[in-house]
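Chain by chain, the residues:
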Protein chains: 6
Amino acid sequence: MSQFPIDDIVRGLQAARHEWRDAQQRTQTGGERELPSRQIMSEVVEALTGALFPLRLGPEDLLQDSEDLYVAHTLDTALRQLHGQATLELRHAQRQLGEDESLAELSARAAAKVRDFATQLPAIRRILDSDVMAAFQGDPAARSVDEVLLCYPGVSAMIHHRIAHPLYQLGLTLLARMVTERAHSQTGIDIHPGATIGPGFFMDHGTGIVIGETAVIGQRVRLYQQVTLGAKRFPTDPEGNLQKGLARHPVVEDDVVIYAGATILGRVTLGQGATIGGNVWITDDVPPGAAVTQASLQKAKGQRPGDC
Amino acid sequence: MSQFPIDDIVRGLQAARHEWRDAQQRTQTGGERELPSRQIMSEVVEALTGALFPLRLGPEDLLQDSEDLYVAHTLDTALRQLHGQATLELRHAQRQLGEDESLAELSARAAAKVRDFATQLPAIRRILDSDVMAAFQGDPAARSVDEVLLCYPGVSAMIHHRIAHPLYQLGLTLLARMVTERAHSQTGIDIHPGATIGPGFFMDHGTGIVIGETAVIGQRVRLYQQVTLGAKRFPTDPEGNLQKGLARHPVVEDDVVIYAGATILGRVTLGQGATIGGNVWITDDVPPGAAVTQASLQKAKGQRPGDC
Amino acid sequence: MSQFPIDDIVRGLQAARHEWRDAQQRTQTGGERELPSRQIMSEVVEALTGALFPLRLGPEDLLQDSEDLYVAHTLDTALRQLHGQATLELRHAQRQLGEDESLAELSARAAAKVRDFATQLPAIRRILDSDVMAAFQGDPAARSVDEVLLCYPGVSAMIHHRIAHPLYQLGLTLLARMVTERAHSQTGIDIHPGATIGPGFFMDHGTGIVIGETAVIGQRVRLYQQVTLGAKRFPTDPEGNLQKGLARHPVVEDDVVIYAGATILGRVTLGQGATIGGNVWITDDVPPGAAVTQASLQKAKGQRPGDC
Amino acid sequence: MSQFPIDDIVRGLQAARHEWRDAQQRTQTGGERELPSRQIMSEVVEALTGALFPLRLGPEDLLQDSEDLYVAHTLDTALRQLHGQATLELRHAQRQLGEDESLAELSARAAAKVRDFATQLPAIRRILDSDVMAAFQGDPAARSVDEVLLCYPGVSAMIHHRIAHPLYQLGLTLLARMVTERAHSQTGIDIHPGATIGPGFFMDHGTGIVIGETAVIGQRVRLYQQVTLGAKRFPTDPEGNLQKGLARHPVVEDDVVIYAGATILGRVTLGQGATIGGNVWITDDVPPGAAVTQASLQKAKGQRPGDC
Amino acid sequence: MSQFPIDDIVRGLQAARHEWRDAQQRTQTGGERELPSRQIMSEVVEALTGALFPLRLGPEDLLQDSEDLYVAHTLDTALRQLHGQATLELRHAQRQLGEDESLAELSARAAAKVRDFATQLPAIRRILDSDVMAAFQGDPAARSVDEVLLCYPGVSAMIHHRIAHPLYQLGLTLLARMVTERAHSQTGIDIHPGATIGPGFFMDHGTGIVIGETAVIGQRVRLYQQVTLGAKRFPTDPEGNLQKGLARHPVVEDDVVIYAGATILGRVTLGQGATIGGNVWITDDVPPGAAVTQASLQKAKGQRPGDC
Amino acid sequence: MSQFPIDDIVRGLQAARHEWRDAQQRTQTGGERELPSRQIMSEVVEALTGALFPLRLGPEDLLQDSEDLYVAHTLDTALRQLHGQATLELRHAQRQLGEDESLAELSARAAAKVRDFATQLPAIRRILDSDVMAAFQGDPAARSVDEVLLCYPGVSAMIHHRIAHPLYQLGLTLLARMVTERAHSQTGIDIHPGATIGPGFFMDHGTGIVIGETAVIGQRVRLYQQVTLGAKRFPTDPEGNLQKGLARHPVVEDDVVIYAGATILGRVTLGQGATIGGNVWITDDVPPGAAVTQASLQKAKGQRPGDC
């Protein structure tokens, strides 16, 4: 007998689980795995990162001569794992809807999605190269493109995002979210996988950046730490439930720069080439080329900063 | 012979350690472990998380049929480890006080604390379920309660906090702090284990949130990123030493919402249902139901935002 | 045959890599490792941390009697690894410059740097002890110096920085950056390895702190979360390229305290003993002993907060 | 490009595999695992051994108070793994026969077999206890029953056999063979899982012992190293194929002792209490109580030793 | 609920354990580890082997410059582990005797034994060097002394024996047996740790060699595979119990060679320089310098081979 | 200070090493690895085994669709490792000869050998298939060719031998020996890598089989446990040193069967189709087709068994 009342606690936890499942109208599934696994998605991301940048982010002892063999084998393994996780997500979604697709159909649908995702990998590599170049050119402390790829959290967050976004577009939203939350944990940068981001995107320092689900970001945009591209308010339907999926985050056009701590809320547009100063609070459109600071904002609007 | 002067460095480091120990009036203990281990506490948290949510956060290959067996064995192992760490913390505290309890007594005291903690686990599961529901209902991007539990950093931080807080209440403050700092590292959310937090608590995005030791938070409270519930000043005693343990952080009543970047300092009360706008700086009480923005603050008080 | 078009993707990724290498004017190196490894640098930091604080941050089962043997063996292993990584960095730098030093010369240069670094370790330990004391004395929630060392993210970030800074000074800037980005990921604190920081430095909570490459910080300075010591603007040379390496970050003199969210930009000086209030935005010198708040700033300057 | 002609070798190995599969009339199965895994069966045996003798052969840090929880969880995991392996074996057998049972039927059949096996575990533990006692009582060098269980290869081989034999009886002959070959590799003792062995069986030293598929051994039998209980000849059917499954190995009655190097061949019976001397070669029945040495054999038969 | 009757089996196994413990008159110990661990002893042997031959049998990446640091740290760790295991063996022995020494006394006694053992390590290394030389000089297939040390199972068995024998002499017979059974499993060579073996001992091929507890072997002796130095019979006391500890195995004097498969039984002496032919069976003394074959034996004794 | 005299023991072991190195006339090499590693060669064998039989002996979760990708990547990795080990062996041999080839030349020679070895792999697979078929056809207990490949120690030993033999032929005798001793440890079968063995070779049970360096074995030969194909005597040169490399082991022609325990010594020939009975001792040629038993030997020669 343990000196701790294990049996009682086990029963107590079981009761709590049953309450939850009843409240969620979950049926007992017995012998089947229900949900994708964070651990496996983490392995998938690690493998895809190695396949995208084999010599720099792949295994320690990889040599250039072996790149293709490594990439082929790693992709094969990672895509199979991803297929398994995608099947679990689709089945989970079916269960919630009370639908009843066969496992074979689910697996085939998942395979089609993974195939679609996989063929985008070379394009993902190229756009990530543009992000690396943007960071190198935008940061006076950067000494080489390799330092940027190996060290910069903003680049790491973009590797995750550029993997997650196609998964999101393919309807694998849970897997996509697992991928971006991995980046969030490692970098403090929170980009929703639904956000659309053009090439040459650079986030300096990065910690505390938040980019919402429906944000749209153009080319060569630069963000500093603690910038928020958020929603202004959450509309509810007549029953008072949140309306999900509405466009509610900013549009940021090409070549915009947003300094640290700025907060942009709602479906506003920051016009091409605009510069947003540190700590400003914006809830209206900004014209192309404008330079907005707290002072300028107040002058232009005759109001105090942060009014909303 | 190494090409590096290992012996000299070892002696140098030894001298530095001895200086420190002399300054701290530490006696040499020789053959005994002195302090709890971050690594073991990390394993304990991982195991307890699995025991609380076996199918979703437990091992990859766990099936529903095996839940109880897994929970029982995992708890047994984790509680033993926790008992060992708790004994180390109690002994460490004794040494600092120069007291001299026997190891058997320390172990028995530690076991009683662990038993007390363990019996709270079903209640911890239930309150965490309320946090998950709050996040699902409060975030338009959330697609399922399972996505919330698997992905949301705010939920992960609360799992840590709701384990750490009872440990803190039982006087195991060092272990409690190890637990919350694990969450801090993973999520960028820094909740002191002493903080009291009611059910249905939701932190969106989360990065940069700081909640102090004596904060008291009611039910259904919602916080956004970079909110601080901090202390205004640190009172000192007549000798100029910091007074530790005084109530110095805010009280947040039920149903309050605090938007991103707001800073609430000192033992003030945010009344039930109040809404605190982004980036505001508050050092006074806010009445129930009030909606505070930077603009409203300035109007009400005839002063500029951020004065303090 | 895989159900995914592995061969096509491998060829696509290969083409993308070749484009990049052509654009970067990289020659094919075939059978040689090109770059240092994050994984190995992470092991080096872990080992050095254990060698600096063997009983508290070393292996779980280490006893005081075995400290010196552990430290000696651990240093021997870690310094060899560091030597290997330093040689890789020097060779990588040579390649970028198109120079052609022999491997033996590179290795000897790397060894000299590692030796120089290694002899600083006892001094590093002593200055870290001063940081621990500063945290203990500055935080009313701290219960013991051991809690501070084991739990505080600010201390963890300083262990990384005080290892990284001498590497940076020795010209191993890539390795140095790998070390500090490890801390950034774990703590949300982003200190560039070039920053100069005096003893007794304390960062409370820490998340979101950014300290730039040329910042200079005196003794007994205290910072709260989300403080930025940044650059105001990035000067370009006549061709429009960023000028790298210029002194462009603040000088913070002894005994300064900077509260949460304050932003100090450019090569300004915060005079000895100054206090900077929360959320203020400073781009000019602050005299010794001054207490700056948003309100005081506005009065002194006759301008609105955050103007810049 | 690798410096080794990987592609050519891969094609060469592929061709060799296809030849083999053609010769074996194997169809390509594509995406399904075909065969049980030695690695997993090794884990199953390790787990069952721990479940049978938790404190002595289970995990290093197990305590008596936790035995049952450990046993329950370990069995649950191991029996699931065994179920998976059993299903693979049954499907493999089906394929070879060209039969076409559904996966669900195969899985149900496998589950029934594993259930049958599992309920025999307490009896397996008891008969193994009798083997341990026999070793302790039969070896003057044995100092305790615990030394026997922890150290004696003969006991280790019997743990494997007593797990393998019921699997063999249930028709899981491939899994059974994997188990006994694990013992063979570790101990040099080669017992076919089909052999029937009574309680109190002791093999001293053990290396080189061979016991054939249809051997039948009574209670309290003792064998020394390099004893063979083998087949005399292998009958073939009219087409010249080996006839499989015939009773062709010795019957050894209760209380027989067989000294080192003795060879007993064919379906002969060693009568109760017989003693067989070292290195003798026996192909005929031995009456109960007889003591057979090379000398006695020769006298009794008027022939030279080893004639056959 | 598992599909297997886990609870019933757990209860059945529990009942079987209780029967055994009752039969063995074991008291329930609850929360204490009872017995040494094979796993830990295996780690101890691995570590000591590395400490004895650091560059050849130590870690893959060890370099000559680091030998002493590696040896010191490895010994420190291994001897502590051995001390823990020795304490467990002494306590286990106490329990069986019903004695009641304090844990502190047991630990001190164990430490003294480990200290005694440890100081013998340099001598153990030297005698092992003589064994390596003997193998190199005695085997025409040996190409270098390094091949012998790295590859020959006879040398591996002697490393184990020369570690185990002093443990046996110090009364740690269970630990000693764990060590030699590790060799037995790896090499098929079964040397009881009690056997006394002089320098320059060589076993060619080795599989199936058995050397009993009270055997005494001189210098420069050579054995081939499947040689037995065994006991002739096991004397019992008046109650019929085996008498343990009597000298019952052969004495083999210097420079004796024994060919494959020879069996020497009982407390007989093989005189200096004798040669024993393959497969002979000896139960009487052999004079110095004699060459014994099956033929010679039969002539000398007028009897058939193998009579006994 | 440790409670064990670590420093003294380290010095003692150091002195013993220096004695050995002086006696072996080894120069101090300081910072370079001297010898191949058993651990790495074990990994190489494991990888090659997987590449030869990917679905049956490769990783647990490999599927048929991924075979070629797995094989390619595994070979690439394993052949690089083998190249590194081969370079170490060649350098070690150079040092012993006092020769002075450059590292680049050694590496190139090693690469050529590995390339030669690698191109033999498809042929190795085919001949191993013939061994598997021989075992299946020769053992009435075998139920399928897969059982044979997965379970039979004789097959495992041949996988090792058929990898080791070409290495031996290429002059990598130390690596070859490491490979075969791995098999020896796992199976108790000791085949020198120099032995030449034709296709369709089957060893039943296997434990204790010894096959010497210069043995030559034809096609479809079958051996049972404890058969020795050894040398009769070891000729010495005029100085009394062993003459290494002479043909001194048996030639076994096609279709010979040798039963358990038979010992064949010296450069004798067993003619095609001969059958050698159990336990016989042969030192002369046997004509084709002959059936030799102990009785027949004695009759034919008028002498007692085992005379030699």
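Residues numbered from 1 in each chain as written. Chains lettered and ligands numbered in written order. Predicted model: local features only at pLDDT ≥ 70, side-chain atom pairs only at ≥ 80, totals over all residues. Heavy atoms only, no water.

- In the annotation of an unreviewed UniProt entry, the entry for chain A reads serine O-acetyltransferase, and the organism field reads Xenophilus arseniciresistens.
- Taken directly from UniProt, the Catalytic activity (unreviewed entry) text for chain A runs: "L-serine + acetyl-CoA = O-acetyl-L-serine + CoA".
- Of the comments in the UniProt record for chain A, the one headed Sequence similarities (unreviewed entry) reads "Belongs to the transferase hexapeptide repeat family." (UniProt positions renumbered as here; feature names shortened; annotations may be inferred.)

1. Some words on the overall build of chain A
Working step 1: In terms of regular secondary structure, chain A is built from 10 helices and 14 strands.
Working step 2: Dimensions of chain A, computed from C-alpha atoms along their principal axes, come out at roughly 70 × 60 × 50 Å.
Working step 3: The burial tally for chain A puts 64% of its 308 residues in the buried class.
Working step 4: The long-range share in chain A, meaning contacts at least 24 apart out of those at least 6 apart in sequence, stands at 46%.
Working step 5: Of the roughly 10,800 Å² that chain A leaves accessible, carbon and sulfur atoms contribute 50%. (Helix = DSSP H or I, 4+ residues; strand = E, 2+ residues; numbered from the N terminus. Buried < 20%, exposed > 50% of the residue type's maximum accessible area, 1.4 Å probe, protein only. Contact = heavy atoms within 4.5 Å. Areas by Shrake-Rupley, 256 points an atom, 1.4 Å probe, with all protein chains shown as cover.)

2. Some words on the pattern of salt bridges
Working step 1: Tallying each qualifying case throughout the model produces 96 salt bridges over all chains.
Working step 2: The salt bridge involving B:R109 is made with B:E101; its shortest N-O contact spans 2.7 Å.
Working step 3: A relative accessible area of 33% places B:R109 in the partly exposed class.
Working step 4: In this structure, the salt-bridge partner of F:R182 is F:E46, at a minimum N-O distance of 2.6 Å. Here F:R182 is found in helix α9 (residues 173-187), whereas its partner F:E46 is found in helix α2 (residues 38-52), with 136 residues between them in sequence.
Working step 5: Residue F:R182 is classed as buried on the basis of its relative accessible area, which comes to 17%.
Working step 6: Under the relative-accessibility criterion, F:E46 is labelled partly exposed at 43%. (Salt bridge = Lys/Arg side-chain N within 4 Å of Asp/Glu carboxyl O.)

3. Brief notes about the environment of D:D284
Residue and element names in this part refer to chain D.
Working step 1: With respect to the element layout, D284 can be found in the loop between β13 (281-282) and β14 (291-292).
Working step 2: Looking at D284, the relative accessible area reads 39%, which means it is partly exposed.
Working step 3: Note: C-alpha distance between D284 and S185 (99 residues apart in sequence) is 31 Å.

4. Side note on the interface of chain A and chain C
Working step 1: Listed by partner, the interface residues are 64 residues for chain A and 63 residues for chain C.
Working step 2: Here chain A meets chain C over a buried area of about 5,400 Å², counting both sides, of which 55% is carbon and sulfur.
Working step 3: Of all residues in chain A, the largest losses of buried area upon contact with chain C belong to A:E60, A:Q64 and A:P140, amounting jointly to 13% of the total for that side.
Working step 4: At the junction of chain A with chain C, the criterion picks out 6 salt bridges.
Working step 5: Here A:R143 makes a salt bridge to C:E213, at a shortest N to O gap of 3.2 Å.
Working step 6: Where chain A meets chain C, there are 15 residue pairs in polar contact (both at pLDDT 80 or more).
Working step 7: Listed by contribution, the elements that provide at least two residues to the side of chain A that touches chain C are α2 (38-52), α3 (54-57), α4 (67-97), α5 (103-119), α6 (121-138), α7 (145-151), α9 (173-187) and α10 (294-301) of chain A. (Buried area = accessible area lost by both parts, 1.4 Å probe. Polar contact = N/O pair within 3.5 Å; in protein donor to acceptor, adjacent residues only side chain to side chain.)

5. Observations regarding the confidence of the model for chain A
Detailed reading of predicted coordinates is not advised where the pLDDT is low.
All names here are of chain A.
Working step 1: When the pLDDT values of chain A are averaged, the result is 90; 93% of them are 70 or greater.
Working step 2: Across residues 302-308, where pLDDT falls below 50, the model places 12 contacts with residues more than four positions away in sequence or in other chains.
Working step 3: Of the two predicted TM-score estimates for the complex, the pTM is 0.92 and the ipTM is 0.91. (pLDDT = per-residue confidence, 0-100.)

6. Structural notes on the relation of the copies chain A and chain C
Working step 1: For the pair chain A and chain C, the best superposition has an RMSD of 0.0 Å and corresponds to a rotation of 120° with a translation of 0.0 Å parallel to the axis. Here the copies are linked by what is in effect a three-fold axis.
Working step 2: Counting the interface residues of chain A, we find that no more than 5% of their copies in chain C are interface residues as well, pointing to two distinct contact surfaces. (Least-squares fit on C-alpha atoms with pLDDT ≥ 70 in both.)

7. A closer look at the relation of the copies chain F and chain A
Working step 1: With an RMSD of 0.0 Å, the operation that places chain F on chain A is a rotation of 180° combined with a shift of 0.0 Å along the axis. This pairing of chains is accounted for by a two-fold axis. Residues of chain F ranked by C-alpha distance from the rotation axis are headed by F:H73, positioned 3.1 Å from it.
Working step 2: Mapped onto chain A, 100% of the interface residues of chain F are again interface residues, and the two copies thus contact each other with one and the same surface.

8. A few points about the sheet that holds strand β8 (residues 251-252) of chain E
Residue and element names in this part refer to chain E.
Working step 1: Taken in spatial order, the 4 strands line up as β2-β5-β8-β11 in an open sheet, and their pairing is parallel. Each edge of the open sheet is held by one strand with a lone partner, namely β2 (196-197) and β11 (269-270).
Working step 2: When β2 meets strand β5 (residues 216-217), the two strands line up parallel, connected through 2 bridges. When the sheet's bridge partners are listed, I197 is paired in β5 with I217. (Pairing = 2+ DSSP bridges.)

9. Here's the deal with the sheet that holds strand β11 (residues 269-270) of chain B
Paired through backbone hydrogen bonds, the strands of a sheet run either parallel or antiparallel to each other.
All names here are of chain B.
Working step 1: Across the sheet, 4 strands lie side by side as β2-β5-β8-β11; this open sheet has parallel pairing. In this open sheet, the two strands that pair with only one neighbour each are β2 (196-197) and β11.
Working step 2: Where strand β8 (residues 251-252) and β11 come together, 2 bridges link them in parallel fashion. In the strand pairing of β11, V251 is matched with T269.

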